[in-house]
Amino acid sequence: MPPTVAVVGGGISGLAACYHLVRAPRPPKVVLLEASGRFGGWLQSSRSPEGAVFEHGPRGVRPAGPAGAQTLHMVSELGLAGDILAVPREHPAARNRFLYLGGALHPLPSGLGGLLRTVPPFSRALLWSALRDLLTPAGTAPDESAHGFAQRRFGPEVAELAVDSLCRGVFAGDSRALSVRSCFPALFQAERERGSVLLGLALPHGGVGGGAGPEAGLARRARAERWSQWSLRGGMESLARALVAFVSPRGAELRCHTPLTHLCHRRGQWQLTVPGATLTADHVVSALPASALARALPPEAEPLARELRAIPAASVAVVNLQYEGAALPVTGFGHLVPSSEDPALLGIVYDSVAFPEHDGTPATPGAASLRLTVMLGGAWFQQSFGDPALVAPELLLSRARAAVSDHLGLAGTPRNAIVRVQQDCIPQYTLGHWERLERIQRFLKEQQLPLSLIGASYSGVSVNDCIASARAAVGRILGSPPRALSPPGALTPPPPAVLGSPPWPPV
């Protein structure tokens with residue numbers, strides 16, 4: 001009998017783990033447990049009767065780097081290559097981003113001209129911030145807030161405006177609380193290796209190269225066509241549906257409406273308690289949010305549960321709006337709002353600019369359609385709107401429409417409006433997160449627990465990060481990296497920072 005791997009959590013991380021497990025030359029028995037009635041987690045797309053696609057979670061994926069290439073390999077094997085919607089780097093959605101400050105939209109500086117001249121809202125040319133970085137000694141603290149790091153290296157304006165807004169856009173978080181080491185490891189490492197962030201990013205790394213080998217298929221196409229991001233014609237949720245369709249006929253047992261209530265390890269096996277049943281498994285892959293896993297652990301795992309509970313998450317209200325006969329005053333990906341301007345409003349994404357294919361058929365022939373997504377709350381949700389579980393959707397919709405009117409001059413009634421409150425959707429890597437991960441790893445190793453922790457709670461919140469963490473965990477379980485897609489060698493070995501115990505003998 002092959003060993004049994006129980007994957008807990010049916011979001012993109014859990015589905016990706018199942019995908020790599022069933023592709024093994026000698027696959028284990030795979031059981032996926034999902035508490036809700038659907039698979040896909042935060043990959044949530046809906047379609048209007050007119051064919052407009054609205055994203056209520058991630059809306060695009062970057063193709064860059066080994067993780068981006070691995071995701072594209074998976075997309076190709078799932079048969080989705082023909083559904084790719086690509087945004088090239090020359091596209092306005094890739095080149096143009098804005099800040100809303102002082103009641104006005106300001107383009108973020110780009111290119112040499114933006115570095116040499118003063119561009120509002122900055123009070124002086126960013127060249128001076130670059131010189132500051134080149135002259136500032138490298139820090140010695142083991143960790144630092146993203147805000148503190150940026151202020152020390154680039155000055156207060158870059159910290160208060162650019163990095164504050166960046167943290168709100170990526171993590172829906174407060175730059176004063178987030179860890180630069182964990183949230184922006186490339187910046188932290190660049191300073192440590194070269195004494196300067198800019199030099200560290202510009203010069204080759206001193207360590208062993210992380211090349212992905214010969215590129216193939218979509219990854220090669222993405223490089224040749226200079227993609228900055230991509231989506232899918234049916235929305236990002238179609239990636240989750242394709243994974244379900246791939247793993248189901250290959251032996252994976254998928255169970256919805258099956259929340260894990262208790263997990264314990266006895267006599268070399270896991271016992272997983274779900275409503276009305278107890279399952280056994282040789283290895284557990286947890287793709288649950290850290291706090292959800294903590295609630296299921298037994299008392300003897302309290303040291304682990306304590307660390308997991310210390311990983312917070314932010315809630316975000318996602319308000320999708322569609323207008324007809326409306327036009328944007330600017331063209332680009334969207335704009336962010338610094339916390340000093342409006343803590344409650346994180347930013348607005350101009351969805352129709354990047355992916356007009358998702359606009360659907362207008363009610364009036366020839367009329368322009370404009371889709372926007374307003375992001376509210378994040379680390380400021382409670383103070384701005386109260387309990388995310390109790391907030392009235394009407395309040396959030398009103399707040400979103402007011403922002404669109406004030407910032408973009410769109411005062412009409414939207415043709416479509418959808419409000420989703422995504423509770424605890426983005427983990428917050430606060431100061432000391434890296435030490436927390438080391439303590440978690442140490443506990444799993446000392447207790448020799450066949451438990452792998454994957455997903456956004458640990459080492460990256462993007463779709464690529466989640467898929468890469470699943471692939472790396474499966475590599476440890478199988479005792480070797482998952483089978484590469486053609487051509488051989490196109491994928492890199494799993495990164496060393498996977499949270500989990502040593503593997504059992506290869507299956």
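It should be emphasised that the depicted structure is a prediction, and the values quoted were computed from it without experimental measurement. (Residues numbered from 1 in each chain as written. Predicted model: local features only at pLDDT ≥ 70, side-chain atom pairs only at ≥ 80, totals over all residues. Heavy atoms only, no water.)

Novice: Would you explain helix α2 (residues 65-77) in this entry?
Specialist: One turn of an α-helix holds 3.6 residues; hence residues three or four places apart share an orientation. Under the 1.5 Å per step criterion, the end-to-end length of α2 is 19 Å for 13 residues, consistent within 8% with the ideal 18 Å. Buried within α2 we find G68, A69, Q70, T71, L72, H73, M74 and V75. Contact partners of the buried residues in α2: α1 (12-22), β5 (84-88), α11 (217-224), β8 (227-232), α12 (237-247) and α19 (463-478). (Helix = DSSP H or I, 4+ residues; strand = E, 2+ residues; numbered from the N terminus. Expected span 1.5 Å × (residues − 1). Buried < 20%, exposed > 50% of the residue type's maximum accessible area, 1.4 Å probe, protein only. Contact = heavy atoms within 4.5 Å.)

Novice: So what exactly am I meant to see when it comes to empty space enclosed by the protein here?
Specialist: Empty space left among the atoms is revealed by rolling a probe the size of a water molecule over them. On inspection of all chains with the given rule, the structure shows two cavities of 30 Å³ or more. Quantified by volume, the largest cavity comes out at close to 110 Å³. Every residue lining the largest cavity is counted, 15 residues in all, and those nearest its centre are E55, R59, D351, F355 and R371. Looking at which element gives the most residues to the lining of the largest cavity, the answer is strand β4 (residues 53-55), with three residues. Class assignment of the residues belonging to the lining of the largest cavity gives a composition of seven nonpolar, four polar and four charged. (1 Å grid on protein atoms, 1.4 Å probe; cavity = no way out; pocket = protein on both sides within 12 Å on 5 of 7 lines; lining within 4 Å. Points joined across faces, edges and corners; volume = space filled by probe spheres on them. Nonpolar A, V, L, I, M, F, W, Y, C, P; charged D, E, K, R; others polar.)

Novice: Whenever I open this one, the sheet that holds strand β7 (residues 104-107) confuses me. Can you help?
Specialist: Strand pairs in the sheet, formed through backbone hydrogen bonds, run parallel or antiparallel to each other. Read across the sheet, seven strands follow the order β7-β6-β15-β16-β17-β14-β18 without closing on themselves; strand pairing throughout is mixed. The outermost strands of the open sheet, each flanked by one partner alone, are β7 and β18 (416-427). Looking at each pair of strands side by side, their axes are set apart by 25 degrees on average, direction ignored. Two elements, strand β6 (residues 97-101) and strand β15 (residues 334-336), share three bridges in a ladder whose sense is parallel. Pairing of F98 across the sheet is with H335, part of β15. (Pairing = 2+ DSSP bridges. Axes fitted to C-alpha atoms, helices over the stretch in contact; angles between N-to-C directions.)

Novice: How should the pattern of salt bridges be read in this particular structure?
Specialist: Pairing between side chains of opposite charge can happen when their charged atoms approach one another. For the structure shown, the criterion picks out 22 salt bridges. Across the salt bridge formed by R38 and E237, the nearest N and O atoms sit 3.2 Å from each other. Placement of the pair is R38 in the loop between β2 (29-33) and β3 (45-47) and E237 in helix α12, with a sequence separation of 199 residues. For R38, a relative accessible area of 28% gives the class partly exposed. For E237, a relative accessible area of 13% gives the class buried. One salt bridge connects E324 with R415, and the closest N-O pair in it is separated by 2.3 Å. In this pair, E324 is assigned in strand β14 (residues 313-324) and R415 in the loop between α17 (393-408) and β18, connecting sequence segments 91 residues apart. Relative accessible area serves as the criterion here: at 25%, E324 is assigned to the partly exposed category. When salt bridges with common partners are traced through the structure, they connect D133, E144, R152, R153, E191 and R192 into a single cluster. (Salt bridge = Lys/Arg side-chain N within 4 Å of Asp/Glu carboxyl O.)

Novice: Sorry if this is basic, but what is going on with the side chain of Q229 here?
Specialist: By the secondary structure assignment, Q229 is in strand β8. Those residues in contact with Q229 that sit more than four places away from it in its chain are G60, V61, R62, P63, L85, A86, V87, F333, A354 and F355.

Novice: Help me out: how do you make sense of a nonpolar patch on the surface in this one?
Specialist: Taken together, W128, L131, L134, L135, L198, L199 and L203 make up a surface patch of nonpolar side chains, about 650 Å² in accessible area. The set of elements that each furnish at least two residues to the nonpolar patch consists of α5 (127-135) and α10 (197-202). With four residues, α5 is the single largest residue contributor to the nonpolar patch. Structurally, the position occupied by L199 is in helix α10. Given a relative accessible area of 35%, L199 falls into the partly exposed group. (Patch = residues over 30% accessible without salt bridge, like charges linked within 9 Å, V, L, I, M, F, W, Y side chains within 5 Å. Areas by Shrake-Rupley, 256 points an atom, 1.4 Å probe, with all protein chains shown as cover.)

Novice: Help me understand the state of the cysteines in this model?
Specialist: Simply put, disulfide is the name for a covalent bond between the sulfur atoms of two cysteines. Here the structure, examined in full by the defined rule, presents zero disulfides. Looking at C256, it has no disulfide partner, and the nearest cysteine sulfur is the one in C18, 12 Å off. With a relative accessible area of 23%, C256 lands in the partly exposed category. Just so you know, C466 is unpaired, no disulfide at all, and the nearest cysteine sulfur is the one on C425, 12 Å from it. You can call C466 buried: its relative accessible area is 7%. (Disulfide = S-S within 2.5 Å.)

Novice: In this structure, what is going on with the packing of aromatic side chains? I would like to understand it.
Specialist: Two numbers describe a pair of aromatic rings. These are the distance of the centres and the angle of the planes. Summed over all chains, the structure comprises four aromatic pairs. Summarising the aromatic geometry, the rings of F171 and F184 are spaced 5.9 Å apart at their centres and angled 85 degrees between planes, so their arrangement reads as edge-to-face. Of this pair, F171 sits in helix α7 (residues 156-171) while F184 sits in the loop between α8 (180-183) and α9 (185-194), and the two are 13 residues apart along the sequence. Here a set of aromatic residues connected by ring pairs shows up, and it is made of F171, F184 and Y429. Here R97 stacks its cationic end above the ring of F333, 4.5 Å away from the centre of that ring. (Phe/Tyr/Trp six-rings, centres within 6.5 Å; stacked < 30°, edge-to-face > 60°. Lys NZ or Arg CZ within 6 Å of the ring centre and 35° of its normal.)

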